[in-house]
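# Overview (structure and organization)
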Amino acid sequence: MLDLMICHCPRTIEPRLAYEMALQENPANAPQTPGTRRKRSVAYFDKFWAPGRTLRISFTNEPEPSLKDAVFNAACQWLPYVNLDFVLVDDDFDSEIKIHTGGSPLVNYSVFGTDALTSAGASMVLGVTPDMDDFERTVIHEFGHALGAEHEHQHPAADIPWDIPKVYAHYAVKGHSKEVVDEAVLSKVVGASIRKTPYDRHSIMHYPVPQELTLGDWEIGVNDRISDKDKAFMRLAYPR
Ligand SMILES: [Zn+2]
């Protein structure tokens, strides 16, 4: 079976600050669906960067230039579909996306979009290296989060017949608790975005779903490229 990685993206610890930063960055992040705005809740808002912006990317631990270039090149695969630009900079303090590399190849995650503005340290962690088969798709996936995209397998309309005890057991072997599996794999994301596109089993933001972890005849292989619906989603989030 596929060796499944988990991308446990931290939710911001300061939701009020995250909300204020998201709206300051891009007013279109405000809750837009009538009836979903609740005075005491800021749960339902987007975290997209301001269209037209240049996002500065830095590395917190000075990796080899070849690793920087490989990460940057993979990230840039999003650029044709977003009204954004990326630039590599040296200084952590002057960057929006701060990447830490060099950890376990199994540990890869990013905060969501403008949550990076509230990150004290790295906003993205990349353990993969360019010699790995998973490198490019992992970097693209994590940059999808950095641009504000959620997991597609957690789309409200995803109807994956998970064999839940087997899913927990699979990830438990790798040291992941039920809570982490619930948060990053099994739960549905109740997104606010009226821009949300339909469920897409081909999305780069979708985990592989091995046959062994589902009930009946159901599986999804490795999605290793940006899908047509991923492109449509990003074009709506970052209009020109
Ligand atoms: Zn992810």
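Below or above, wherever it landed, is the structure these notes cover.

### Thoughts on the overall build of the protein
A tally of regular secondary structure across the protein gives 6 helices and 5 strands. For the protein, the sequential pattern of α-helices and β-strands runs α-β-α-β-β-β-β-α-α-α-α. The C-alpha atoms of the protein give a radius of gyration of 17 Å, which matches the 18 Å a tight globule of 240 residues would have. Its C-alpha atoms give the protein principal-axis dimensions of about 50 × 45 × 30 Å. Per-residue burial for the protein yields a buried fraction of 50% across its 240 residues. Contacts in the protein between residues at least 24 apart in sequence constitute 75% of all its contacts with a sequence separation of at least 6. Of the roughly 11,700 Å² of accessible surface on the protein, 53% is carried by carbon and sulfur atoms. The centroid of the 24 positive side-chain charges in the protein is displaced by 9 Å from the centroid of its 34 negative side-chain charges.

### Focus on empty space enclosed by the protein
Empty space among the atoms can be located by rolling a probe the size of a water molecule over them. In total, this model carries 2 cavities of 30 Å³ or more according to the counting rule given. Together, Cys7, His8, Cys9, Arg11, Phe112, Glu150, His151, Gln154, Glu183, Ala184 and Val189 line the largest cavity. Each residue belonging to the lining of the largest cavity can be placed in one class, and the counts come to 5 nonpolar, 3 polar and 3 charged.

### Considering the sheet that holds strand β2 (residues 85-88)
Read from one edge to the other, the open sheet built from 5 strands follows the order β2-β1-β3-β5-β4, with strand pairing classed as mixed. Since the sheet does not close on itself, it has two edges, and those belong to β2 and β4 (108-110), each with one partner. The mean angle between the axes of side-by-side strands here comes to 25°, regardless of whether they run parallel or antiparallel. Pairing of strand β3 (residues 97-101) with strand β5 (residues 124-126) involves 3 bridges; the strand directions are parallel. Along β5, the bridge assignment pairs Thr101 with Leu126.

### Re the environment of Pro15
In this structure, Pro15 sits in helix α1 (residues 15-25). Overall, Pro15 belongs to the partly exposed group, its relative accessible area being 44%.

Thresholds, definitions, all that
- Residues numbered from 1 in each chain as written.
- Predicted model: local features only at pLDDT ≥ 70, side-chain atom pairs only at ≥ 80, totals over all residues.
- Heavy atoms only, no water.
- Helix = DSSP H or I, 4+ residues; strand = E, 2+ residues; numbered from the N terminus.
- Rg over C-alpha atoms; globule rule 2.2 N^0.38 Å.
- Buried < 20%, exposed > 50% of the residue type's maximum accessible area, 1.4 Å probe, protein only.
- Contact = heavy atoms within 4.5 Å.
- Areas by Shrake-Rupley, 256 points an atom, 1.4 Å probe, with all protein chains shown as cover.
- Lys, Arg positive; Asp, Glu negative; His and termini not counted.
- Charge placed at Lys NZ, Arg CZ, Asp CG, Glu CD.
- 1 Å grid on protein atoms, 1.4 Å probe; cavity = no way out; pocket = protein on both sides within 12 Å on 5 of 7 lines; lining within 4 Å.
- Points joined across faces, edges and corners; volume = space filled by probe spheres on them.
- Nonpolar A, V, L, I, M, F, W, Y, C, P; charged D, E, K, R; others polar.
- Pairing = 2+ DSSP bridges.
- Axes fitted to C-alpha atoms, helices over the stretch in contact; angles between N-to-C directions.

The values are spatial; any link to function lies outside them.
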